[in-house]
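A look at the structure
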Amino acid sequence: MRYLTIGSDPARQRRVSQIALGAMLMGTATDESTSYAVLDRYVEAGGTFIDTANNYAYWVNGTQGGESEQLLGRWMRSRGVGDELAIATKVGGRPLQPANQLSESVEGLQGVKESLARSLENLGRDHIDVYYAHIDDYSVPVEQQVETFGSLVKDGSVGLVGLSNYWTWRLERYRALAAQAGLPGYDLLQYHHTYFRSRTDRGGLRAKEGTLGVADGNLLTYLRSEPGLTLVAYTPLLSGAYVRADRPLDELYDHAGTRARKAALDKVVKETGATANQVVLSWLTGGEIPTIALVGASSVAQIDDSLAAADLELTADQRQRLDAAGNN
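This text gives an overview of the structure that appears in the document.

What counts as what
Residues numbered from 1 in each chain as written. Predicted model: local features only at pLDDT ≥ 70, side-chain atom pairs only at ≥ 80, totals over all residues. Heavy atoms only, no water. Helix = DSSP H or I, 4+ residues; strand = E, 2+ residues; numbered from the N terminus. Rg over C-alpha atoms; globule rule 2.2 N^0.38 Å. Buried < 20%, exposed > 50% of the residue type's maximum accessible area, 1.4 Å probe, protein only. Areas by Shrake-Rupley, 256 points an atom, 1.4 Å probe, with all protein chains shown as cover. Lys, Arg positive; Asp, Glu negative; His and termini not counted. Charge placed at Lys NZ, Arg CZ, Asp CG, Glu CD. Pairing = 2+ DSSP bridges. Core = buried A, V, L, I, M, F, W, Y, C linked by side-chain atoms within 4.5 Å. Contact = heavy atoms within 4.5 Å.

**Thoughts on the overall build of the chain**
A tally of regular secondary structure across the chain gives eleven helices and ten strands. Computed over the C-alpha atoms, the radius of gyration of the chain is 19 Å, within 12% of the 20 Å expected from 2.2 N^0.38 for a compact globule of 328 residues. Across its three principal directions, the C-alpha atoms of the chain cover 50 × 45 × 40 Å. Looking at the 328 residues of the chain, the share that counts as buried comes to 54%. Counting every atom, the chain has about 14300 Å² of accessible surface; 49% of that belongs to carbon and sulfur. Averaging the locations of the 32 positively and 40 negatively charged side chains of the chain gives two centres separated by 4 Å.

Here's what the structure looks like:
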């Protein structure tokens, strides 16, 4: 397993595995016994970073979420898990009423402390190692949000804070205000990132101006210029599309750049004898930008395949060819 130090303040830094386990569907689409088996295997292999959210996964059974946090809490109690694992959860995006599909009527960042208390109860913990703002909330002044998250770090309820699915200019504003106020800043950024490049011109539920939450050129150049930050890349394996013929690529990836990148990826897969998923994860975690790959798994076989990427070292030539593909 490869490890990475997260956090810019030496007093609050954590060393975590570069392959993080996403628990989004645990307790709903992935049943309890299977979830426990995946979690056990992940920890056995040296994994130390588990990710969830207070709204996971409300859309599966038409609830307000919390099932994933609750399952993790039961599993940790049953295994006697303590601070050796870093647990990340999120606030924002929980539906105001039970919903069975992604909803526009969701909680923002008005009641962060109340949401944190609920998450702590679900998880059976007295602190959260990483706490993300899951959505941007323009109705709450940035200064207030920075103060709220900073206070949670100061009182020990939260170790590190992060932002997920923000426009780059907005996250810079948050970080600048935190620095000016002398408050703990935002050390982790959780965005969708993978080897194939997504179009970013399609508006959606949270933004009409473009695709929100994708690690585009703006974000990646920002990360490169701010070495204290860590990117946590979610859905890096495109829900199986790299390796499963029955999972065609989303239309956001159907463009000439993807075709060029697929050709380069296929060659490296052949050279290494690894799976496409393993090459993608090795590419993500071995680049210039400090990156943690956040993978999901609905079986032990799936998590084993992802974990094997920690042993795959791409050559400088292979990485150069992968990087260059689709740039012309």
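And the narrative resumes.
**Notes on the pairing of strand β1 (residues 3-6)**
What you see with β1 is a clean split: Leu4 and Ile6 sit on the buried side and Tyr3 and Thr5 on the side with no burial. Where β1 lies against strand β2 (residues 14-17), four bridges are found, and the strand directions are antiparallel. Its bridge partner being in β2, Ile6 is matched across the sheet by Arg14.

**With respect to the nonpolar core**
Phe49, Ile50, Tyr131, Tyr195, Leu265, Val279 and Leu322 are the most contacted members of the largest nonpolar core, which totals 93 residues. Here this core gets six residues from one element, more than from any other, and that element is helix α9 (residues 276-285). Sequence-distant contacts of Ile50, defined by excluding residues within four places in its chain, comprise Leu21, Ala23, Leu39, Tyr42, Leu72, Trp75, Leu85, Ala86, Ile87 and Ala88.

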